[in-house]
Amino acid sequence: MKRIARGIVDEELIEDVGFGLYSAARAILIATEAHAGRVQCPRCSHIITHRGDRNAIIECAECSWRVRWGEYHKTYQDKHLHGGGAIPAFQGYIEDFTKARMPRERMLAIDRLIHFFHCELLQNPVRSVGVTLIYGKNTREVTEFLDRLSYGEASTPELIETRAAWDRKLELSQRYHPIRKPESNP
Ligand SMILES: [Zn+2]
């Protein structure tokens, strides 16, 4: 894949970013499924269906784990965990990352996910699901990762462009979802 150039990459950073994105993607998929009526049992992974009644008890048929739906819902609400149109990208990432054994393969999986955000940014900057990850603890690691790739020996014009898009995305996400101070109306 030409978007990632050959070069020395920091394997530790790939691990950090890769697993960070992996757990974020998993959380998004699990929350999206739960919201659609399919809760994955945290103990045995069995799928429990429900109808969204806050007071209903949902119980795993396999291991008897149980919770009130309203309580479960609280664990992810307000965390921006709605995958929306990015679901296939997250599923693809989880699949690719799980199969990847070498750092380079992991880097390619990360690159594909970041590339997806890049394309999504161009199409729909405001309601971007990338914001979900940007809000998370991955922000610093992802930007550091892109920095290494963009400004290191392995740099390519495509990577520099992706880095710039990522900066722009951070800027947009703060503009539309201000986290420090509300902006005055134009
Ligand atoms: Zn279970």
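These remarks concern the structure in this document.

Basis of the calculations
- Residues numbered from 1 in each chain as written.
- Predicted model: local features only at pLDDT ≥ 70, side-chain atom pairs only at ≥ 80, totals over all residues.
- Heavy atoms only, no water.
- Helix = DSSP H or I, 4+ residues; strand = E, 2+ residues; numbered from the N terminus.
- Buried < 20%, exposed > 50% of the residue type's maximum accessible area, 1.4 Å probe, protein only.
- Contact = heavy atoms within 4.5 Å.
- Areas by Shrake-Rupley, 256 points an atom, 1.4 Å probe, with all protein chains shown as cover.
- Expected span 1.5 Å × (residues − 1).
- Donors = N, O, S within 2.8 Å, 3.2 Å for Na, K, Ca; no water.
- Phe/Tyr/Trp six-rings, centres within 6.5 Å; stacked < 30°, edge-to-face > 60°.
- Axes fitted to C-alpha atoms, helices over the stretch in contact; angles between N-to-C directions.
- Parallel < 35°, antiparallel > 145°, perpendicular 65-115°, else oblique.
- Left-handed = near helix turned anticlockwise from the far one by under 90°.
- Nonpolar A, V, L, I, M, F, W, Y, C, P; charged D, E, K, R; others polar.
- Core = buried A, V, L, I, M, F, W, Y, C linked by side-chain atoms within 4.5 Å.

**Some words on the overall build of the protein**
What the protein contains, in helices and strands, is seven helices and four strands. For the protein, the α and β elements follow one another from N to C terminus as α-β-β-β-β-α-α-α-α-α-α. The buried share among the 186 residues of the protein stands at 42%. At a minimum sequence separation of 6, the contacts of the protein that also span at least 24 residues come to 62%. When the accessible surface of the protein is totalled, it reaches about 11,100 Å², and 50% of it is carbon and sulfur.

**Focus on helix 1 (residues 11-35)**
Along its 25 residues, helix 1 runs 36 Å from first to last C-alpha, staying within 8% of the 36 Å computed at 1.5 Å per residue. Taken from the residues just after helix 1, Gly 37 is the one with a positive phi, measuring 105°.

**A word on the coordination of the zinc ion**
Octahedral metals with six donors have ideal donor angles of 90 or 180 degrees. Tetrahedral metals with four donors have an ideal donor angle of 109.5 degrees. Ligation of the zinc ion by protein atoms is provided by Cys 41 (SG), Cys 44 (SG), Cys 60 (SG) and Cys 63 (SG), these donors lying 2.3 Å from the ion. A relative accessible area of 1% places Cys 41 in the buried class. Classification of Cys 44 as partly exposed rests on a relative accessible area of 34%.

**Observations regarding the packing of aromatic side chains**
Both the distance between ring centres and the angle between the ring planes are used here to describe each pair of aromatic rings. Going through the model one piece at a time under the given rule, you end up with five aromatic pairs. Each ring, one from Phe 19 and one from Phe 97, has its centre 5.0 Å from the other, and the planes form 90°; the classification is edge-to-face. With Phe 19 in helix 1 and Phe 97 in helix 3 (residues 87-99), this residue pair connects regions lying 78 residues apart in the sequence. Residue class for Phe 97 comes out buried when judged on its relative accessible area of 3%.

**Structural notes on the packing of helix 1 against helix 3**
Between helix 1 and helix 3, the shortest axis-to-axis distance is 9 Å and the interhelical angle comes to 135°. In terms of orientation, helix 1 lies oblique with respect to helix 3. Handedness of the crossing formed by helix 1 with helix 3: left-handed. Touching Val 17, Gly 18, Phe 19, Leu 21, Tyr 22, Ala 25, Arg 26, Ile 28, Leu 29 and Thr 32 of helix 1 are Ile 87, Phe 90, Gln 91, Tyr 93, Ile 94, Phe 97 and Thr 98, all from helix 3. A breakdown of the residues in the contact of helix 1 with helix 3 according to their chemical character gives 12 nonpolar, four polar and one charged.

**Quick look at the nonpolar core**
Ranked by internal contacts, the top residues of the largest apolar core, which has 20 residues, are Leu 21, Phe 90, Tyr 93, Ile 110 and Leu 113. Going through the elements one at a time, helix 1, helix 3 and helix 4 (103-123) are the ones with two or more residues in this core. The element that contributes the greatest number of residues to this core is helix 1, accounting for seven residues. Counting residues in hydrophobic clusters, the runner-up holds 12 residues, among them Ala 34, Ile 48, Val 67 and Trp 69.

**Focus on the environment of Tyr 72**
As for its position among the elements, Tyr 72 is in helix 2 (residues 69-74). Residue classification places Tyr 72 among the buried positions, given a relative accessible area of 13%. Separated by 41 residues in sequence, Tyr 72 and Ala 31 place their C-alpha atoms 9.8 Å apart. Setting aside its immediate chain neighbours within four residues, Tyr 72 contacts Ile 30, Ala 34, Val 39, Gln 40, Trp 65 and Val 67.

Geometry only, nothing functional implied.
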